[in-house]
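Architecture and fold: a report
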Amino acid sequence: MAGLLTAAMLLFGTVLTQPASAHGSVVDPASRNYGCWDRWGDDFQNPAMATEDPMCWQAWQANPNAMWNWNGLFRENVGGNHEAAIPNGQLCSGGRTEGGRYNALDTVGAWKTANVGNNFRIRLYDQASHGADYIRVYVTKQGFNALTEPLGWDDLELAGSIGNTPASGWNPDPAGGVSIDVPANAPGRTGRHIVYTIWQASHLDQSYYLCSDVNFGGTVPSPTPTATPTSTPSPTPTSSPSPTFSPTPPPTTGPPATCTASYRVTGQWSGGFQGEVEVVAGSAPIRGWAVSWTFPNGQQISSSWSATVTSSGATVTARNVGYNGTVAAGTSTTFGFLASWNGTNTAPATLTCTATA
Ligand SMILES: [Cu+2]
């Protein structure tokens, strides 16, 4: 224990002696590593983070320097060819920049979100008053699933930008440096999305790549991050009957309603993992489903999204939620969860899928 504390103090000491690396990040809605630093920087070894904020936990486990250096996620001499410099799936780490320091920011999963409206603004904090040649704000397209899909360039649409703006045109920040708000408009978005900001600083060819996780359609503004580890993507609010309450179809002689389910681990770290289950409808459409399995190694689910999950001992049952019970024949839907594990993390041998016609 004393060794751990000493290591932690040394880590803090290292950071405090690096004032020269003053740059910046998007602070609202917070970039992934700025948010993890802001929420947990003074308590980064608290094991409660693993369940309360598991994406931050895995990032801290992978490399605490990604958080201590929240302001240093940039590349140099890209020459404006951002798409050429950064492969799909690596956008949030700036193409695994800085020797891979930020790689864990590419992990797909339930990063904490900030609630925003379709007209919103990002706030970029520039500690070193570099100013900007330009700032571009992109938002993922409606239909992109940030809980399951790695972020790629073709998932993004430009939602706002500003041109050349020297630091003298930004707002002085009480903490030193300057900040600026960039307006953005992302019509039609609901639920979880990723905001991707490219800040082209003016003092050098230095480009910053910043992922912020947001929830469209929540309460705006959000005074504090929500306490739940996962924000369930909210279905589109509607006053019309939802698909699950559609009239019962006439009796049919078609094939019976069936489904199958498959299980995979999408991310794993010390003591925790994230899983995904895909539910595939058989040769007939279904209007509801339930999947059950038994964990072989004492794994315990702590939270879930896109399904209502209950556990009884090692047995888990997951049922559809209102917006994903209806699945057309031969198509699929997915749900996800966060769970703990210890020793071994073997997948359940069989998944039982029960469909409602
Ligand atoms: Cu800088």
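The structure contained in this document is the topic of the report that follows. (Residues numbered from 1 in each chain as written. Predicted model: local features only at pLDDT ≥ 70, side-chain atom pairs only at ≥ 80, totals over all residues.)

Section: the sheet that holds strand S16 (residues 315–319)
Condition: Whether two strands pair comes down to DSSP finding at least two bridges between them. Each helix is a run of DSSP H or I of at least 4 residues and each strand a run of E of at least 2, with the numbering of both proceeding from the N terminus. Note on geometry: axes are C-alpha line fits, over the in-contact stretch for helices, and angles between N-to-C directions span 0 to 180 degrees.
The antiparallel open sheet is built from four strands, whose spatial order is S15-S16-S13-S18. The sheet terminates laterally at strand S15 (308–312) and strand S18 (352–356), the two strands that pair on one side only. Neighbour-to-neighbour, the strand axes of the sheet open up by a mean angle of 15°, direction not taken into account.

Quick look at the sheet that holds strand S11 (residues 259–269)
Where we set the bar: A pair of residues counts as a contact when their C-beta atoms, built from backbone coordinates, are within 7 Å of each other.
Spatial strand order, S11-S12-S17-S14: four strands in an open sheet with antiparallel pairing. Strand pairing shows two members of the sheet lacking a second neighbour, S11 and strand S14 (300–305), which therefore form its edges. Between one strand axis and the next, the sheet turns by 25° as a mean value, whatever way the strands run. Both S14 and strand S17 (residues 332–340) contribute to a ladder of five bridges, which runs antiparallel. Pairing of Ser304 across the sheet is with Phe337, part of S17. Most of the contacts of helix H4 (residues 54–62) go to S11, to which it runs at about 45°, and overall it touches S11, strand S12 (272–281) and S17.

So, the pairing of S12
Residues in a regular strand project their side chains so that they alternate between the two faces of the sheet. Sheet topology places S11 next to S12; 10 bridges connect them, and they run antiparallel. Residue pairing in the sheet places Ala261 in a bridge with Val279 of S12.

Description of unusual backbone geometry
The condition that has to hold: With C-beta atoms placed from the backbone, a residue is labelled by how many other C-beta atoms lie within 10 Å of its own: buried for 20 or more, exposed for 12 or fewer, partly exposed between the two.
Backbone torsion omega between Asp28 and Pro29 reads -10°, so that peptide bond is classified as cis. Residue position: Pro29 is located in the loop between strand S1 (24–28) and helix H2 (32–40). Although it is not a glycine, Asn77 adopts a positive phi angle of roughly 60°. Structurally, Asn77 is set in the loop between strand S2 (74–76) and helix H6 (82–85). Owing to 9 C-beta atoms within 10 Å, Asn77 belongs among the exposed residues under this scheme. Even without a glycine there, the phi angle at Arg96 is positive, about 55°.

These figures come from the coordinates and say nothing about function on their own.
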